[in-house]
Amino acid sequence: QVQLVESGGGLVQAGGSLRLACAASGRTFSRYTEGWFRQAPGKEREFVSAISRSGGSTYYADSVKGRFTISRDNAKNTWYLQMNSLKPEDTAVYYCAASSKVTYGSRIVAQYDYWGQGTQVTVSS
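First, a word on what this report is: a plain description of the structure on this page.

The rules we used
- Residues numbered from 1 in each chain as written.
- Predicted model: local features only at pLDDT ≥ 70, side-chain atom pairs only at ≥ 80, totals over all residues.
- Heavy atoms only, no water.
- Disulfide = S-S within 2.5 Å.
- Helix = DSSP H or I, 4+ residues; strand = E, 2+ residues; numbered from the N terminus.
- Buried < 20%, exposed > 50% of the residue type's maximum accessible area, 1.4 Å probe, protein only.
- Contact = heavy atoms within 4.5 Å.

Another aspect to go through is the state of the cysteines. Using the criterion set out here, one finds one disulfide in the structure. The disulfide bridge from Cys-22 ends at Cys-96, spanning 2.1 Å between sulfur atoms. The sign of the S-S torsion, about 50°, decides the handedness of the disulfide formed by Cys-22 and Cys-96: right-handed. With a gap of 74 residues between them, Cys-22 in strand β3 (residues 18-24) and Cys-96 in strand β9 (residues 92-99) connect regions that are remote in the sequence. The same class applies to Cys-22 as to Cys-96, namely buried.

What follows is the structure, encoded as C-alpha cells:
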C-alpha cells in the first residue's frame, strides 16, 4: 500500500512561517499529482494547493495565494508546502494528498486517492 507521512506542523504566531513536508512510499509514486488540503473543526475539508505531474503548473486557493508555495522533489517522492505570513484563520489540520486520476492540480477532494495522517497547524493572534 501507498503511505504518506506528513511533518512540519506546529504552533506559531501570526505572521510566522512553517514548512510542511509529505514523504510518500511506493514505486513510481512521483508520477502522481500532489496537493494539500486543510480542515478546521466543524468545517468542510478545503483545497489549499496542488502541483501538476510535470511540476510546471501550480494552483492555490485564493485565501493563501501569495503566501503559500508548493514544491516537489521527485527524486525523494516528497512535496512541500511553504507557509509564510500565517494568519489565525489558517489554523487547521493540514493533509497532503496524491492523485492518480488527474495530471493537473485538481481542487476536488474526491479526485485524490491517497492521504496523509494530517498535521496540526495553529496560528495565534
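The discussion continues.
With that settled, the discussion passes to the environment of Gly-35. You can see Gly-35 is positioned in strand β4 (residues 33-39). Apart from residues lying up to four places away in sequence, Gly-35 is in contact with Ser-49, Ala-50, Ile-70, Trp-79, Tyr-95, Cys-96, Ala-97 and Tyr-112.

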